[in-house]
Amino acid sequence: MTVRVRIAPSPTGNLHIGTARTALFNWLFARHHRGEFILRIEDTDQERSRPEFAENIINGLQWLGLNWDIGPIWQTQRKHRYQEVIQELLDKKLAYRSYETEAELQAMRAAQEQQKQAPRYNNQHRDLTPEQEAEWVAQGRQPVIRFRIDDDREIVWHDLIRGEMRWRASDLGGDMVIARADGQPLYNFAVVVDDMDMQISHVIRGEDHIANTAKQILIYEALNAPLPEFAHTPLILNAEGRKLSKRDGVTSISDFRQMGYLAPALANYMTLLGWSPPAGQELFTLEEIIPLFSLERVNKAGGKFDWDKLNWINSHYIRQLSPEQLCAELIPFWQTAGYELDPERDQPWLLSLTELIAPSLMTLKDAVNLARFYMSELTDYDAEAQAQLHQPESPAILTALSQQPSPDTADAAQSVVQTVVQQCGVKKGAVMKTLRAALMGTMHGPDLIQSWLILQKRHYDQPRLLRALALLQEP
Ligand code: GLU
């Protein structure tokens, strides 16, 4: 059998991490079996679908490296096909027109609620006579199309992740609407027509679709179409064990990207959300996972989102980059932060800065704060730096430092420090601390000598020494 899988996002929001993880599992499954991976954009809901969301989804999948073999296929371009199949179901009397007004349906639900019954459609327009139908039409009512659900049925399938699944048809809420009054087909129907026409062999999607699968199986049967295999993946949960949502900070792939996560790191992390690697290792590229991936090792329980682990994986991938690669990743973050730089002209300087801060990066965005001291004027000194500048020996040290030429090599910088040690009769530590306070405005940070050289290349060092001195001389 040829493996053909798909990811079928609705462009009603940005690419959600849950959808991206489902896409990743489909992609891995397709690549493992040398099958095909289809991207289908489920844009039939025209009120909620937006082109910018479709663009965000497509960009997000591309950024993650989840290339598709076919698509994107847009549902809106297949409208005629859905109409054709609706007609087929109407002709076979497996679907019918249902004429209730919204108010009547609401009244039905209210009555059920009062009797403490679960809400369901009571199938009352199943067998209307042509005369009754003509009367509703004459009244100007617009019918929806409903699909007959035989309440006595039990729907059973073998789920590749969850094992045997059983669903009583009577729990599906009565005959279901498959197309709205304006002809717009609804999800559970359109998805079956698409999966059938596209010969999807395996439907791999989130477990929130389990009840939909039961409904969809009935539609496959009505169309005499072979059933695909189904596999329902666990949800991604927050620290409290609830479905990860906007309230947890970020949920879309573009958010993670803006926060400074690298695509291979995020992809690596997402595979661990719900799949257990056979040998327990945790760091691997997508290419390395392909031969290892199987649905048998996808967990039934939800995957808890773990920021510490993601950060750990991200730092690992950051360390794998060459300074040139890392610098290219950091430049857009610095530009977004408003730092003035010319990627070509400043290349050597940006590279030294990248090398200096690289060991401290957990995310690419960390580089914004870490580079602030080098990219722009120093605006403030923190409390520790102020305390250091107010040490009795600091004015003499700063004066001596400012009278020395700016060093342009590490050796020259060390010899400036030595000269000042001798001139002022102080310990080396005192010179280094004062220098750090004056140049950086903080007592913590990357290597001081390297920082000094980087500042010197932008001519920031002398003005900072003088500024600190001036501060001390203020009354
Ligand atoms: N459009 C549906 C969604 O985004 C697709 C679900 C499915 O894979 O069938 O949830």
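So, a few notes on the structure that sits alongside this text.

Reading the values: the criteria
- Residues numbered from 1 in each chain as written.
- Predicted model: local features only at pLDDT ≥ 70, side-chain atom pairs only at ≥ 80, totals over all residues.
- Heavy atoms only, no water.
- Helix = DSSP H or I, 4+ residues; strand = E, 2+ residues; numbered from the N terminus.
- Rg over C-alpha atoms; globule rule 2.2 N^0.38 Å.
- Buried < 20%, exposed > 50% of the residue type's maximum accessible area, 1.4 Å probe, protein only.
- Contact = heavy atoms within 4.5 Å.
- Areas by Shrake-Rupley, 256 points an atom, 1.4 Å probe, with all protein chains shown as cover.
- Lys, Arg positive; Asp, Glu negative; His and termini not counted.
- Charge placed at Lys NZ, Arg CZ, Asp CG, Glu CD.
- Pairing = 2+ DSSP bridges.
- Axes fitted to C-alpha atoms, helices over the stretch in contact; angles between N-to-C directions.
- Salt bridge = Lys/Arg side-chain N within 4 Å of Asp/Glu carboxyl O.
- Near = heavy atom within 4 Å.
- Polar contact = N/O pair within 3.5 Å; in protein donor to acceptor, adjacent residues only side chain to side chain.
- Nonpolar A, V, L, I, M, F, W, Y, C, P; charged D, E, K, R; others polar.
- Parallel < 35°, antiparallel > 145°, perpendicular 65-115°, else oblique.

**Structural notes on the overall build of the chain**
What the chain contains, in helices and strands, is 20 helices and twelve strands. The C-alpha atoms of the chain give a radius of gyration of 32 Å, which is well past the 23 Å a tight globule of 475 residues would have. Here the C-alpha coordinates of the chain stretch approximately 110 × 50 × 40 Å along the principal axes. Out of the 475 residues belonging to the chain, those deemed buried represent 50%. Considering only intrachain contacts with a sequence separation of at least 6, the fraction spanning at least 24 residues in the chain is 76%. As presented, the chain carries roughly 22,900 Å² of accessible surface, and 49% of it is formed by carbon and sulfur atoms. Computed over 49 positive and 62 negative side-chain charges, the separation of the two mean positions in the chain equals 3 Å.

**Observations concerning the sheet that holds strand β1 (residues 4-7)**
One open sheet accounts for three strands, arranged β1-β2-β3; its pairing is parallel. The two strands at the open ends of the sheet, each matched to only one other strand, are β1 and β3 (70-74). This sheet shows a mean twist of 25 degrees between the axes of neighbouring strands, independent of strand direction. Contacting β1 and β2 (36-41), helix α1 (residues 17-32) crosses the sheet at an angle of about 165 degrees to β1.

**Considering the pattern of salt bridges**
If you walk through the whole model with that rule in mind, you get 27 salt bridges. The salt bridge partner of Arg-6 is Asp-195, with a shortest N-O separation of 3.0 Å. Of this pair, Arg-6 sits in strand β1 while Asp-195 sits in helix α6 (residues 187-197), and the two are 189 residues apart along the sequence. Accessibility expressed as a relative area gives 3% for Arg-6, which makes it buried. Close ionic contact of Arg-153 with Glu-221 constitutes a salt bridge, the shortest N to O distance being 2.7 Å. Of this pair, Arg-153 sits in the loop between β5 (144-147) and β6 (154-159) while Glu-221 sits in helix α7 (residues 210-222), and the two are 68 residues apart along the sequence. Residue classification places Arg-153 among the partly exposed positions, given a relative accessible area of 27%. Connected via shared salt-bridge partners are Arg-6, Arg-40, Glu-42, Arg-78, Arg-81, Glu-84, Asp-194, Asp-195 and Asp-197.

**Some points on the site of the ligand**
The environment of the ligand is formed by Arg-6, Ala-8, Pro-9, Ser-10, Glu-42, Tyr-187, Val-191, Arg-205 and His-209. The separation between a nitrogen atom of the ligand and a polar side-chain atom of Ser-10 is 2.8 Å. In isolation the ligand exposes 300 Å². Once the protein is present, 80% of that is buried. Split by residue class, the shell around the ligand holds four nonpolar, two polar and three charged.

**Focus: the packing of helix α12 (residues 323-336) against helix α13 (residues 347-357)**
Running from amino to carboxyl end, α12 crosses α13 at an angle of 100 degrees, the nearest separation of the two axes being 9 Å. Here α12 is positioned roughly perpendicular relative to α13, judged by the angle of their axes. Residues Pro-323, Glu-324, Leu-326, Cys-327, Leu-330, Ile-331 and Trp-334 of α12 lie in contact with α13, whose contacting residues are Gln-347, Leu-350, Leu-351, Leu-353, Thr-354, Glu-355 and Ile-357. Grouping the amino acids of the contact of α12 with α13 by side-chain chemistry returns ten nonpolar, two polar and two charged.

**Re the environment of Asp-197**
Inspection of the secondary structure puts Asp-197 in helix α6. Sequence separation between Asp-197 and Ile-290 is 93 residues, and the spatial gap between their C-alpha atoms is 27 Å. In this structure Asp-197 touches Arg-78 and Arg-81, once residues within four positions along its chain are discounted.

**Observations concerning the sheet that holds strand β8 (residues 176-179)**
A sheet is described by the order of its strands in space; here three strands give the open sequence β4-β5-β8, paired in antiparallel fashion. One side of each edge strand has no neighbouring strand; the edge strands of this open sheet are β4 (95-98) and β8. Strand after strand, the sheet turns through a mean of 45 degrees between neighbouring axes, direction not considered. As paired strands, β4 and β5 are joined by four bridges and run antiparallel to one another. Residue Ser-98 lies in a different strand from β5, and its bridge partner there is Val-144.

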